[in-house]
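Here is what each chain is made of, one letter per residue.
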Amino acid sequence: MRVLFLSLIGLWALMPFGNSQEDYRTLEEIELQLTELKNLAPDKASLKSLATSPGDNDVWMLKVGSGDEELTPGFLVLAGVDGTHPAGTHTVLGIAEKILTEDGLKGSRLMDRFYFYIVPVLSPDAYAQYHGDLRYERYFNARETDIDRDGRISEDPYNDLDGNGLITKVRIEDPSGNYIGHDEDDRVLVPLEDRKGTSVLYRLISEGVDMDKDGEFNEDGEGGINLNMNFSFDYPAFQPGAGEHAVSEEENRALAEFLFDRWNIYAVFSYTRENNLSHPVPYDPRKASQRVVAGPLERDAAVSEEVAGWFQEVVSFEDAPEMSQGPGSFSSWAYFHYCRFSFVNPGWLPPMAVDTIDENGENRLVRDLLKNYDLRYIKWAENEGIEDYFVDWTEINHPDFPGRKAEVGGFKPFVRHNPPPEYMVEVIDEQYNFIHGFAEKMPKLKIEDVRVEELETRVFRVRGRVVNTGLLPTSTALGDRTRWVRDIRVRILLEEGQELLVGHYRDFHKSLAPGEYFEFNWLVSGRGNVVIEAAHPMTFDDSVKLELR
């Protein structure tokens, strides 16, 4: 009976994403899913815990691939840098499933040619809040911190003022407020500068009271450190949630240490509420030439622009809003300090669902929808018949605002960026197709135009060139500058009785752009066979065998 039960659990875990779920998986279910995925290809997949969080949760990594790991190109696929985006975790798990189960449908399998390092939840403490008794969007891990530095810990948490188990917002009518209701839908609050005519002004705070009477609301609740502010590039020192120093958290430190040992990782794909694929970061000579580089180098920016074009051909992000990479973010660190190509997007965005036409036959809401994400979500939800996404503004007696009108309400936690899982099926297909297409364009080293010339008896000149025949450079230009990627190695292997007269047994060269090449030239004494190898941890390698006679 126990065997049957476990078998049923396994079958449940492997049912297609989006068809078997009404909600996103718990941490326990994610661990079960990863174990089942690993068991699909036990000779090519392994599962390990990178770290244990302050909340005693494991940070899991699923590794998929085969062959010499040191010389096989790899990709990192990551989500869950905070707890607000379970849709990203769902996307990563779906991509992992496709790599292990459906990849053969596209021809040669990715896991036979690449290594994938898959981290679905980097911040499990924050992710767990999605399934907590009190539901709120949590960015922090469970480390005890004195965020307001008053000598007390967690003395001003959220307060569920309306008792519905959700933490939303409180709006207070205030002549000095900074928000007004949107003209199209007054449930949505917009900054004061968008005011038109006479409008009620609101002060907006999170749902709670000022427990420590310092004039701030809910600034020192449970936990901790925001892992997506804790990486070393553009680290926001002394900001709440950033940590005592860069990479202070075990989750981030363990990931960084693992990555720095993996020279074969070519690119990083992360799924967070950021997006540099719909809006690639442009080349800025001023930022790129600073002593501490703050913008992508020119060649890397051009590659990112091209990759963004590939992405937009595959992924249906219509009029994607700008979603910038914040200070201390993982996705920025992966380029600027790990020196790999780093691509990030949220996986899902509410489509532009516009059905209001003006007298000229044009969509009069397009401008507002493009500018206001909240309004865009509402229109999409209404078109899809989704109703349970908003807590109507309800008047309460707020102890910190006696005699003033205060209302609790707003969007329910998580809904705006995490649709019901059934909507993620197409998302997973598109994101997997993008990664698959990217992999097919990877750099390839090819030894070409090899010539052998006997100069005199038993003395041969061997020359040719190594070309990058792929559609991507062999590494980032920033990696070349910082020397944080390996050089291309070309070497000649001789048989016993042969001698190298001119040249080095092995030479090293910087990265090659698509179509670029470098030449090699050796003088060899002795007859027999020689082997020429061109290799790089992040590219496809090549070798040729020559006979000297």
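The paragraphs below set out a description of the structure included in this document. From a predicted model like this one, the values you see are computed outputs, not experimental measurements. (Residues numbered from 1 in each chain as written. Predicted model: local features only at pLDDT ≥ 70, side-chain atom pairs only at ≥ 80, totals over all residues. Heavy atoms only, no water.)

## Points about helix 10 (residues 373-384)
Owing to its 3.6 residues per turn, the α-helix aligns residues three or four sequence positions apart on the same side. Where we set the bar: Elements are defined by DSSP. Helices are runs of H or I of four residues or more, strands are runs of E of two residues or more, and each kind is numbered from the N terminus. Expected span of a helix, by definition, is 1.5 Å for each gap between consecutive residues, and there is one gap fewer than residues. Note on classification: 1.4 Å probe, protein chains only; a residue is buried when its accessible area is under 20% of the maximum for its type, exposed when over 50%, partly exposed between these limits. We call two N or O atoms a polar contact when they sit within 3.5 Å, provided that within protein one can donate a hydrogen and the other can accept it, with sequence-adjacent residues counted only if both atoms are side-chain atoms.
The first and last C-alpha atoms of helix 10 sit 16 Å apart over 12 residues, in line with the 16 Å expected at 1.5 Å per residue. A large share of helix 10 lies buried, amounting to nine of its 12 residues. When helix 10 is considered as a whole, its buried residues turn out to be Tyr373, Asp374, Leu375, Arg376, Tyr377, Ile378, Lys379, Trp380 and Ala381. A distance of 3.1 Å separates the backbone nitrogen of Asp374 from a side-chain oxygen at the start of helix 10, and that oxygen is part of Asn372. Looking one or two residues beyond helix 10, the residue adopting positive phi is Gly385, at roughly 75°.

## So, the pairing of strand 14 (residues 459-468)
Within a regular beta strand, the side chains point alternately toward one face of the sheet and then the other, so they alternate between its two faces. Stated formally: Any two strands with at least two DSSP-identified bridges between them are counted as paired.
Counting buried positions along strand 14 gives seven out of 10 residues, so the element sits mostly inside the fold. With nine bridges joining them, strand 13 (residues 445-456) and strand 14 adopt antiparallel strand pairing. Opposite Glu448, over in strand 14, you have Arg465 as the bridge partner. Here strand 13 hands over to strand 14 after two residues, with Arg458 in that stretch at a positive phi of 65°. In terms of strand pairing, strand 14 meets strand 18 (residues 517-525) through nine bridges, oriented antiparallel. Within strand 18, the position partnered with Gly464 by the bridge is Phe520.

## A closer look at the nonpolar core
Basically, it comes down to this: Residue types Ala, Val, Leu, Ile, Met, Phe, Trp, Tyr and Cys, when buried and joined through side-chain atoms within 4.5 Å, form a set referred to as a nonpolar core. Contacts are assigned to residue pairs that have any heavy atoms within 4.5 Å of one another.
Membership of the largest hydrophobic core comes to 75 residues, with the highest contact counts inside it found for Phe75, Phe116 and Phe438. If we skip the residues at most four places from it in the chain, Phe75 touches Phe114, Tyr115, Phe116, Tyr117, Ile265, Tyr266, Ala267, Phe269, Phe438, Ala439 and Met442. Counting 33 residues, the second largest nonpolar core, distinct from the first, contains Phe231, Phe233, Ala334 and Leu478.

## A look at the sheet that holds strand 16 (residues 499-502)
We apply this condition: Axes here mean lines fitted to C-alpha atoms, for a helix over just the part in contact, with angles spanning 0 to 180 degrees between N-to-C directions.
Spatial ordering of the open sheet is given by 13-14-18-16, a layout of four strands whose pairing is antiparallel. With one partner strand each, in any of the chains shown, strand 13 and strand 16 form the two edges of the open sheet. Looking at each pair of strands side by side, their axes are set apart by 30° on average, direction ignored. Bridge analysis of strand 16 against strand 18 gives three bridges, and the strand direction is antiparallel. The partner of Val502 across the bridge, within strand 18, is Leu523.

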